[in-house]
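Notes for the structure review
Chain residues, written in single-letter form:
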Amino acid sequence: MPTRIAENPAVALDAWCAPLAADPAGAAAFLAEVADRVARRPRVLVPGGGPVADTLASAGYAVSEADFDSLPGQRFDVVYAGSDVLSRLLVQREQVRLVRRLATLLRPGGGLVVQGFHPDPARWAAHPLVTGHDCARQTLFLSDGVPLRYVWPAELDLMAELADLALDSRWGGWYGEPAACGSPVVSLYRS
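Described below are features of the structure shown in this document. Each residue is numbered by its place in its chain's sequence as written, counting from 1. Where totals are concerned, whole chains, interfaces and linings use all residues; where local detail is concerned, this predicted model gives features only for residues with pLDDT of at least 70, and gives and counts side-chain atom pairs only at 80 or more. Here the side-chain values reflect all heavy atoms present in the structure, with hydrogen atoms and water set aside.

**As for the sheet that holds strand 6 (residues 139-142)**
Strand pairing requires that DSSP identify at least two bridges connecting the strands. For helices the rule is a DSSP run of H or I covering at least 4 residues; for strands it is a run of E covering at least 2, with both sets numbered from the N terminus onward. The strand order across the open sheet formed by three strands is 5-6-7, and the pairing between neighbours is antiparallel. For this open sheet the edge positions go to strand 5 (130-134) and strand 7 (146-149), each flanked by a neighbour on one side alone. Direction aside, neighbouring strands of the sheet carry axes that sit 20° apart on average. Pairing of strand 6 with strand 7 involves four bridges; the strand directions are antiparallel. Of the residues in strand 7, the one forming a bridge with Leu 142 is Val 146. Helix axes use the C-alpha atoms of the stretch in contact, all axes being lines fitted to C-alpha atoms, and the angles between their N-to-C directions lie in the range 0 to 180 degrees.

Take a look at the structure:
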């Protein structure tokens, strides 16, 4: 069964994810560093492609792009789940399935890089893009009714563990910043 990602109006979602997508060169440099630690000629999967994939490819990395519904059968040294893609899956079970699917694409010793937000429910009530919050379902509603299911770091760690991955490191950005509530977060998991 294909993974269903919520159909979201671009305006609200783009504004919400802007802090995550603001530095494709930083993301590419981070992924390149991870890839270089894994293999001599690393292969990188960037589902959805975009500026991060373009920057890596222009630096000479073997980059593959694919939709989440048509992931390739080959193995990679690094797989990147960026732009808060897990939060677009509105059911935890689907998030777990996606992490497992991405883990199966890793070569031994490979890395899964997941980019998202560290949840901060206390700030959401005053956030101009947030129009609702269902804490039981861990769902935020952005303007225009855009739903996103947020994932706590410990929950993401468990999803990775269920996929036989272990947390290597977690940062608040591409340059080693500490992770903080309400900020972008980058988690690296190893197979």
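**Digging into the packing of helix 2 (residues 24-38) against helix 3 (residues 51-58)**
A pair of packed helices can be characterised by two numbers: the angle between their axes and the separation between those axes. Where helix 2 contacts helix 3, the two axes come as close as 8 Å, and the packing angle between them is 55°. The pairing of helix 2 with helix 3 is recorded here as oblique in orientation. Judged by the twist between their axes, the crossing of helix 2 over helix 3 is right-handed. Across the interface between the two elements, Pro 24, Ala 25, Ala 27, Ala 28, Leu 31 and Ala 32 of helix 2 pack against Pro 51, Val 52, Thr 55 and Leu 56 of helix 3. For the contact of helix 2 with helix 3, the class distribution of residues is nine nonpolar, one polar and no charged. Small angles under 35 degrees read as roughly parallel and large ones over 145 as roughly antiparallel, with 65 to 115 read as roughly perpendicular and the rest as oblique. Crossing chirality is assigned from the near helix's rotation relative to the far helix, an anticlockwise turn below a right angle marking it left-handed and a clockwise turn marking it right-handed. Residue contacts are counted whenever heavy atoms from the two residues lie within 4.5 Å of one another. Throughout, the ten residues Ala, Val, Leu, Ile, Met, Phe, Trp, Tyr, Cys and Pro are labelled nonpolar, Asp, Glu, Lys and Arg are labelled charged, and all others, Gly among them, are labelled polar.

**Brief notes about the pattern of salt bridges**
Whenever a carboxyl oxygen of Asp or Glu lies within 4 Å of a side-chain nitrogen of Lys or Arg, that contact is scored as a salt bridge. Evaluation of the coordinates by the stated rule reveals seven salt bridges. Linking Glu 155 and Arg 149 is a salt bridge whose minimum nitrogen-to-oxygen distance equals 3.0 Å. For the pair shown, Glu 155 and Arg 149 are each scored as buried. Per-residue accessibility, obtained with a 1.4 Å probe over protein chains only, is compared with the maximum for each type, and a residue is labelled buried under 20%, exposed over 50%, and partly exposed between these values.

**Section: the side chain of Arg 149**
Here Arg 149 shows up in strand 7. Of note is the side chain of Arg 149, whose polar atom sits 2.6 Å from the side chain of Gln 95. Any N or O atom pair separated by 3.5 Å or less is treated as a polar contact, with the protein-specific requirement of one donor-capable and one acceptor-capable atom, and with residues adjacent in sequence counted only for side-chain atom pairs. Here the side chain of Arg 149 touches Glu 155 through a polar contact of 3.0 Å, side chain to side chain. Once residues within four sequence positions are removed from consideration, Arg 149 is found in contact with Leu 86, Ser 87, Leu 89, Leu 90, Val 91, Gln 92, Gln 95, Arg 137, Gln 138, Thr 139 and Glu 155.

**Notes on the sheet that holds strand 4 (residues 106-117)**
A sheet is described by the order of its strands in space; here six strands give the open sequence 2-1-3-4-9-8, paired in mixed fashion. Edge positions in the sheet fall to strand 2 (62-64) and strand 8 (166-171), since each has one partner strand and no second. Strand-to-strand twist of the sheet, defined as the mean angle between neighbouring strand axes without regard to direction, takes the value 20°. As defined by bridge partners, strand 1 (residues 43-45) adjoins strand 2 across three bridges and the pair is classed as parallel.

**Section: the nonpolar core**
Take the buried Ala, Val, Leu, Ile, Met, Phe, Trp, Tyr and Cys residues and link them wherever side-chain atoms come within 4.5 Å; each set so joined is a nonpolar core. Counting residues in hydrophobic clusters, the biggest one holds 26 residues, and the most contacted among them are Val 79, Leu 102, Leu 112, Leu 156 and Leu 165. Among the secondary structure elements, those contributing two or more residues to this core are strand 3 (76-81), helix 4 (92-104), strand 4 and helix 6 (153-162). Among the elements that make up this core, the one with the highest residue count is helix 4 (five residues). Not counting residues up to four positions away in its chain, the partners in contact with Leu 112 are Val 79, Val 99, Leu 102, Leu 106, Leu 165, Ser 187, Leu 188 and Tyr 189. In terms of nonpolar packing, the next biggest core, distinct from the first, is built from 19 residues, Ala 27, Leu 31, Val 46 and Trp 174 among them.

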